[in-house]
Amino acid sequence: MLGLLLVASPTLLFNLLDPGAVIFGLLLMLLSAAVPLLILFARVPQLTKPLFWILLVIELILVAVVVVDFSILPTISSNATSRDLSILFANHRWLLFEAPLLLVALACVILGIYRERLFEAHARPYRQAVVLSVIVSFICVLIVTAEAFI
Amino acid sequence: MKLFDQFFKPRVHESVAISALLAVSLALHAAWLSHLILFRVPELFNRLFLSDTIGPIFIVYTLSLGVGLGSFLLFCFFLRGRDCTELRDRAFWFFVVSLIMFLVLTFPFVYVFEIAVSSV
């Protein structure tokens, strides 16, 4: 097995050169940053603005991941002989990845419209929708990551 | 002066937020439904096969994003300037149900499931 960091000829650079891996890593990091912000923003309404910008960057990265994967995607056949477990999980990953695309866009629209007024009493369903969207998006991306090892 | 402050408070375009909520819900429904149809009716799948390199999932993406964008514009047009108070909770619960349905019905062992009736 080749080493990443501590051996004579590390392979970290080659791993970092892969655009798909870099973009996906960035996506995971930003989503991990968005979740604590989401938990905190109930107490600090000023965090709405940074959360909006982070979600906007996440949306752009999600689009980038889809574009990169569509451009290098091998054919997914749907005929009977190739309906094995890996094909099923590949389909599942693609479908699961669509949810964050839609949900993060929704959270961005709601945050962009309401801003600090998201904490007014009448905006409770929208606040819940934003929280639900970001948490489900994070879980979906984690599941996609886990399934990619299958 | 407080009376005038109320008039100059920035307006919240609630109709746009509610349109986005409904549009995303419909897009989620379109996604699981189109995927199920493509999986169950291969004839339709063969007709809609757009590109060899991209595969069938591109159709699902295109359909659901098309439904989402189209319905967002339609809802924005119809709800513009209207009082959305009554729609608020209903739209949110519609969104929750759509999300649950999407997550359950895109699970491989759910949409692949079928009951075969064998003749004796």
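The rules behind each value
- Residues numbered from 1 in each chain as written.
- Chains lettered and ligands numbered in written order.
- Predicted model: local features only at pLDDT ≥ 70, side-chain atom pairs only at ≥ 80, totals over all residues.
- Helix = DSSP H or I, 4+ residues; strand = E, 2+ residues; numbered from the N terminus.
- Buried ≥ 20, exposed ≤ 12 C-beta atoms within 10 Å, placed from the backbone.
- Contact = placed C-beta atoms within 7 Å.
- Axes fitted to C-alpha atoms, helices over the stretch in contact; angles between N-to-C directions.
- Parallel < 35°, antiparallel > 145°, perpendicular 65-115°, else oblique.
- Left-handed = near helix turned anticlockwise from the far one by under 90°.
- UniProt positions renumbered as here; feature names shortened; annotations may be inferred.

Q: Give a description of the overall build of chain B that names residues and reports values.
A: A tally of helices and strands in chain B yields six helices and zero strands. A buried classification covers 32% of the 120 residues belonging to chain B. Contacts in chain B between residues at least 24 apart in sequence constitute 82% of all its contacts with a sequence separation of at least 6.

Q: Can you lay out the packing of helix H5 (residues 124-147) of chain A against helix H5 (residues 85-105) of chain B for me, pointing to particular residues and giving the numbers?
A: The interhelical angle for the contact between H5(A) and H5(B), taken along N-to-C directions, is 15°, at an axis separation of 10 Å. The angle between the axes of H5(A) and H5(B) places the two elements in the roughly parallel class. In this structure, H5(A) crosses over H5(B), and the sense of that crossing is left-handed. Residues A:Pro125, A:Gln128, A:Ala129 and A:Val136 of H5(A) pack against B:Arg88, B:Asp89, B:Phe92, B:Phe95 and B:Leu99 of H5(B).

Q: Residue-level account of the environment of A:Asp69, with values.
A: Looking at the element boundaries, A:Asp69 is found in helix H3 (residues 48-72). Sequence separation between A:Asp69 and A:Gly20 is 49 residues, and the spatial gap between their C-alpha atoms is 7.6 Å.

Q: So what about the UniProt feature "transmembrane region" (unreviewed entry) in chain B? Which residues, and what values?
A: All names here are of chain B. Feature annotation in UniProt assigns "transmembrane region" (unreviewed entry) to the following positions: residues 12-38, 58-79 and 91-113. Taken end to end, residues 58-79 is 100% helix and 0% strand, and its first and last C-alpha atoms sit 31 Å apart. From the first C-alpha to the last, residues 91-113 spans 31 Å; its make-up is 83% helix and 0% strand.

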